[in-house]
Amino acid sequence: MAKPNSGIGNVTTNTGLVEMAMAYSRSRVLCAAARLGVADALGEEVRSVGFLAENCQADATALYRLLRALASIGVTEETTPEHFRLTSFGKPLRRDVPESVWSAVIFWADLLADEWSLLTDCVRTGKPASQVRDPQIPSRWSQVADANSIFRGVMGTAPAEEYVPIADAWDFSGAKVVADLGGGAGSLILAVLGLNPHLRGMLVDPESSVGAAKTRFAEKDPSSRCELIAVDLTQSVPAGADVHA
């Protein structure tokens, strides 16, 4: 009989399932690093724990443990005792680099993690997280001051090509105008218009998102087939579309 493998706080022969159960720890490590600005403080240099603690406004001992945890998943490397550098894998965690994933990490590991914690009750009741949450407990969305800017930094910002499989799965042959509601930077509607030359589009979102999308649409949609409409979707939905995405 095979000897059981040791886990953290348990002894089990099925480490695979336990590792899945513990997978959230990586998410929390990444989230903490993003919120503290560890990657930005490291930049292109090798930095001491003391330097990083001062720049990240963190406890040096606790930050050292976090940096070692980041090293265990390939984000940082401890070059000499208590000195770290950012790896190429970890570089996109910086906010000042092209294709930064900072907003996406916060979006998934912080803002949406709150919703996922309610999954059991969602499945039990068939209701979304917003309806099963105790009304006395505020959501992360309402607590985090930069939640809206993070959302805008993630939603619809990927290259339109990545949305092509989604757009291609739908038959728009009978439609004339497609409205992308809450489409952020507009990747989905750009993909839909790219595959369907007969269509016109509408990108509908609050002013902050629509304003940020104007430059992109001026470049990607020079024929102005897509109308950018700033509106609060909790109050109204503009008329004029055959299909709403």
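Residues numbered from 1 in each chain as written. Predicted model: local features only at pLDDT ≥ 70, side-chain atom pairs only at ≥ 80, totals over all residues. Heavy atoms only, no water.

Asks: Now, about the sheet that holds strand 5 (residues 83–86): what can you tell me, with residues and values included?
Replies: Pairing between sheet strands relies on hydrogen bonds along the backbone, with the strands arranged either parallel or antiparallel. Reading across from one edge, 3-5-4 is the order of the 3 strands in this open sheet, with antiparallel pairing throughout. In the strand order of this sheet, the two ends are held by strand 3 (47–48) and strand 4 (76–80), each with one partner. Of the strand pairs in this sheet, strand 4 and strand 5 are connected by 4 bridges, and their pairing is antiparallel. If you follow E78 over to strand 5, its bridge partner there is F84. Running at roughly 110° to strand 4, helix 5 (residues 60–72) makes contact with strand 4 and strand 5 of the sheet. (Pairing = 2+ DSSP bridges. Helix = DSSP H or I, 4+ residues; strand = E, 2+ residues; numbered from the N terminus. Contact = heavy atoms within 4.5 Å. Axes fitted to C-alpha atoms, helices over the stretch in contact; angles between N-to-C directions.)

Asks: How would you explain the sheet that holds strand 9 (residues 243–244) if you had to name every residue and give the values?
Replies: Strand order in the open sheet made by the 4 strands is 8-7-6-9, with parallel pairing throughout. Whereas interior strands pair on both sides, the edge strands pair on one side only; in this sheet they are strand 8 (226–230) and strand 9. The pairing of strand 6 (residues 177–181) with strand 9 spans 2 bridges and is parallel. Considered in strand 9, the bridge of V178 is made with V243. Packed on one face of the sheet, helix 14 (residues 207–220) meets strand 7 (200–205) and strand 8 and runs near 155° to strand 8.

Asks: Explain helix 13 (residues 187–195) to me, using residue names and the numbers behind them.
Replies: In an α-helix there are 3.6 residues to a turn, and that puts residues three or four apart on one side. For helix 13, the tally of buried residues reaches 7 of 9 residues, placing the bulk of the element in the interior. Looking at helix 13, one finds that the buried residues are S187, L188, I189, L190, A191, V192 and L193. Where the residues of helix 13 are buried, they touch helix 12 (164–168), strand 6, strand 7, helix 14 and strand 8. (Buried < 20%, exposed > 50% of the residue type's maximum accessible area, 1.4 Å probe, protein only.)

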